Amino acid sequence: MDKLNLSEEEWKEKLSPEAYHVLREKGTEKPFTGAYYECHDVGTYICAACEQPLFSSEHKYDSGTGWPSFWTPISPDAIELKEDRSLFMTRTEVLCSCCSSHLGHVFSDGPPPSYKRYCLNSICLKLIKD
């Protein structure tokens, strides 16, 4: 998929205020409040901003953190990783590789085989059910 480059005004028109805050301003939804943290439906999770496929329900697991968590993306090319030094700590931010929207963070405390926990905001995702 080609890179999607919209102005911030175009993003504000396209997204709800809540989605804009998380996807474009790197906000975070409160734990245990998102639509997908307890979702067990089968399908593909796509970017809520640009509809690029990001994660499969096959790779989703209950991390106990209150956010949807996955142990691997649908493809290494679906996401970009970026160092995040906000909030007085160093983390790794997960971005959509198509539109550069903020999705969440990845941590090294997930299950095998990757031992990764892609901890994402529900509002950044849409589930396309199989």
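Below is a short write-up of the structure. Owing to the predicted nature of the structure, the values given are computational and were not obtained by experimental measurement.

Quick notes on the rules
All residue numbers refer to positions counted from 1 along the written sequence of the respective chain. Residues qualify for local features only when their pLDDT is at least 70, as the model is predicted, and side-chain atom pairs are given and counted only at 80 or more; totals for whole chains, interfaces and linings, by contrast, use all residues. Only hydrogens and water are set aside; all other atoms, that is, all heavy atoms of the structure, feed into the side-chain values. Here the term buried applies to any residue with accessible area under 20% of the maximum for its type, exposed to any over 50%, and partly exposed to those in between, with areas from a 1.4 Å probe on protein chains only. By definition, any uninterrupted DSSP run of H or I lasting at least four residues is a helix, any uninterrupted run of E lasting at least two residues is a strand, and each is numbered from the N terminus. Should DSSP find at least two bridges between two strands, the strands are regarded as paired. Polar contacts, as used here, are pairs of N or O atoms within 3.5 Å; protein pairs need one atom able to donate a hydrogen and one able to accept it. Residues neighboring in sequence count only if both atoms are side-chain atoms. Contact criterion: two residues are considered in contact whenever any of their non-hydrogen atoms come within 4.5 Å of each other. The term nonpolar core refers to a set of buried residues drawn from Ala, Val, Leu, Ile, Met, Phe, Trp, Tyr and Cys, joined through side-chain atoms within 4.5 Å. An axis is simply a line fitted to the C-alpha atoms; with a helix, the fit covers only the stretch in contact. Between two such axes, the angle follows the N-to-C directions and lies from 0 to 180 degrees. Note on definitions: salt bridges are taken to be side-chain nitrogens of Lys or Arg within 4 Å of carboxyl oxygens of Asp or Glu. Charge counting follows a simple rule: Lys and Arg are positive, Asp and Glu are negative, and His as well as the terminal groups are ignored.

The next subject is the pairing of strand β1 (residues 43-47). Of all the five residues making up β1, four are buried; the element is thus mostly covered by neighbouring parts of the structure. Strand direction decides the pairing type here: β1 and strand β9 (residues 125-129), joined by five bridges, are antiparallel. Residue C47 lies in a different strand from β9, and its bridge partner there is L125. The antiparallel hairpin formed by β1 and strand β2 (residues 53-56) contains five residues in its connecting segment, where E51 sits at a positive phi of about 70°.

A few words now on the side chain of E93. Relative to the helices and strands, E93 is located in strand β6 (residues 91-96). Only 2.8 Å separates the side chain of E93 from the side chain of K26, close enough to count as a polar contact. Sequence-distant contacts of E93, that is, excluding residues within four places in its chain, are made with K26, E80, L81, K82, D84, H102, G104 and H105.

Grouped together as the largest cluster of nonpolar side chains are 29 residues, with contacts concentrated most on L54 and L103. Elements that contribute at least two residues to this core include exactly α2 (17-23), β1, β2, β6, β7 (102-107), β8 (117-120) and β9. If one sorts the elements of this core by residue count, α2 sits on top with four residues. Once you skip the residues sitting within four places of it in the chain, L103 turns out to touch L23, L54, I79, V94, L95, C96, C119, L120, N121 and C124.

Read from one edge of the open sheet, three strands run β2-β1-β9, paired in antiparallel fashion. Unpaired on one side and paired on the other, β2 and β9 mark the two borders of the sheet. Neighbour to neighbour, the strand axes of the sheet diverge by 35° on average, direction disregarded. As defined by bridge partners, β1 adjoins β2 across three bridges and the pair is classed as antiparallel. Opposite T44, over in β2, you have S56 as the bridge partner.

The final tally for this structure, using the stated rule, is eight salt bridges. The closest approach of N and O atoms between K129 and D41, which form a salt bridge, is 3.2 Å. With K129 in strand β9 and D41 in the loop between α2 and β1, this residue pair connects regions lying 88 residues apart in the sequence. According to the relative accessible area criterion, K129 is exposed, its value standing at 55%. Here D41 falls in the partly exposed class, since its relative accessible area comes to 34%. Between E83 and R85 there is a salt bridge, with its nearest N and O atoms 2.6 Å apart.

Attention now moves to the sheet that holds β8. With antiparallel pairing, the six strands of this open sheet are ordered in space as β3-β4-β8-β7-β6-β5. Strands with a single pairing partner mark the edges of an open sheet, and in this sheet they are β3 (60-61) and β5 (79-84). Here six bridges tie β5 to β6, and the two strands are oriented antiparallel to one another. If you follow D84 over to β6, its bridge partner there is R91.

A few words now on the side chain of K60. Topologically, K60 is positioned in strand β3. One buried charged residue, K60, forms no salt bridge at all, with the nearest opposite charge on D62 at 7.4 Å. There is a polar contact of 2.9 Å between the side chain of K60 and the backbone oxygen of Y36. Beyond its immediate chain neighbours, meaning those up to four positions away, K60 contacts Y36, Y37, C39, Y45, P68, S69 and F70.

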